[in-house]
Amino acid sequence: MTATVTKQQFISSAQLLEHWQGHRNLTRRVIEMFPEKELFEFSIGGMRPFAKLAVELISIAGPALKGIVEKQVEEFSEEAFQPKTKEEILSKWDAETEVINHYFNQISEDGFQETFNLFGQYEFPVYQNILYFVDNEVHHRGQGFVYLRALGIEPPFFWERF
């Protein structure tokens, strides 16, 4: 009698995308909670206002995934998107969510292991680049939580991602 061993992977690509989009949902709620003026102007200790942090996140995720899938190395730039209102940020956030879904779902399981030179600066396997996107977002959202608390606004619970 021969035993068959089935290899179970830790997390599927669909689960990884769901996890990432959960973080994006929470970050979107943080953006929504900011008063308009403070979103663009409030800062602590020389850190950038949260609008600038949101623009950074917007400028990374969708463009990076597009580059990964199309195998096009483009320099990182935050200059293309210069929002003036919270609504512009939220609208772009939502549009980039669809870009993420579109391109993420084109990466094969093997493709996550391939090396890609993200923005011509970060040469790592695709899965590491994606984990960086999530880590970077969590880091900046933490700054947003501090800003909200300093403004007397209770941020959402960090575990409520949907």
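None of these values were measured; they are calculated from a predicted model.

1. Here's the deal with the overall build of the chain
When helices and strands are counted, the chain shows five helices and two strands. Sequence-ordered secondary structure for the chain, helices as α and strands as β, is α-α-α-α-β-β-α. With the C-alpha coordinates of the chain rotated into their principal frame, the extents come out at 70 × 35 × 25 Å. For the chain, the computed accessible surface area is about 9,400 Å², with 54% contributed by carbon and sulfur atoms. With 15 positive and 24 negative side-chain charges, the chain shows a spacing of 4 Å between the two charge centroids.

2. Topic: the UniProt feature "binding site: a divalent metal cation" (unreviewed entry) in the chain
The positions that UniProt labels "binding site: a divalent metal cation" (unreviewed entry) are, in the present scheme, His140. Classification of His140 by relative accessible area gives buried; the value is 5%. Dropping the residues within four chain positions of it, His140 is found in contact with Arg48, Phe50, Leu53, Glu56 and Leu57. A polar contact is formed between the side chain of His140 and the side chain of Glu56, at a distance of 3.0 Å.

3. Some words on the nonpolar core
Among the nonpolar cores identified, the biggest contains 20 residues, and Trp20, Leu65, Phe104, Ile130 and Phe133 are the most heavily contacted of them. Where this core is concerned, the elements lending two or more residues are α1 (13–33), α3 (50–70), α4 (86–104), β1 (115–118) and α5 (126–150). No other element matches the five residues that α3 contributes to this core. Setting aside residues up to four positions removed in sequence, Ile130 forms contacts with Leu16, Trp20, Leu65, Phe104, Ile107 and Phe112. Counting 18 residues, the second largest nonpolar core, distinct from the first, contains Val30, Phe34, Leu57 and Ile58.

4. Overview of the packing of α3 against α4
Axis separation between α3 and α4 bottoms out at 9 Å; the angle between their running directions is 20 degrees. It follows that α3 is roughly parallel to α4 by the angle criterion. In the packing of α3 onto α4, the handedness of the crossing is left-handed. For the pair α3 and α4, the contacting residues are Ala51, Ala54, Leu57, Ile58, Ala61, Gly62, Pro63, Leu65, Lys66, Val69 and Glu70 in the first and Ile89, Lys92, Trp93, Glu96, Val99, Ile100, Tyr103 and Phe104 in the second. Its residues assigned to classes, the contact of α3 with α4 comprises 14 nonpolar, one polar and four charged.

Conventions used here
Residues numbered from 1 in each chain as written. Predicted model: local features only at pLDDT ≥ 70, side-chain atom pairs only at ≥ 80, totals over all residues. Heavy atoms only, no water. Helix = DSSP H or I, 4+ residues; strand = E, 2+ residues; numbered from the N terminus. Areas by Shrake-Rupley, 256 points an atom, 1.4 Å probe, with all protein chains shown as cover. Lys, Arg positive; Asp, Glu negative; His and termini not counted. Charge placed at Lys NZ, Arg CZ, Asp CG, Glu CD. UniProt positions renumbered as here; feature names shortened; annotations may be inferred. Buried < 20%, exposed > 50% of the residue type's maximum accessible area, 1.4 Å probe, protein only. Contact = heavy atoms within 4.5 Å. Polar contact = N/O pair within 3.5 Å; in protein donor to acceptor, adjacent residues only side chain to side chain. Core = buried A, V, L, I, M, F, W, Y, C linked by side-chain atoms within 4.5 Å. Axes fitted to C-alpha atoms, helices over the stretch in contact; angles between N-to-C directions. Parallel < 35°, antiparallel > 145°, perpendicular 65-115°, else oblique. Left-handed = near helix turned anticlockwise from the far one by under 90°. Nonpolar A, V, L, I, M, F, W, Y, C, P; charged D, E, K, R; others polar.

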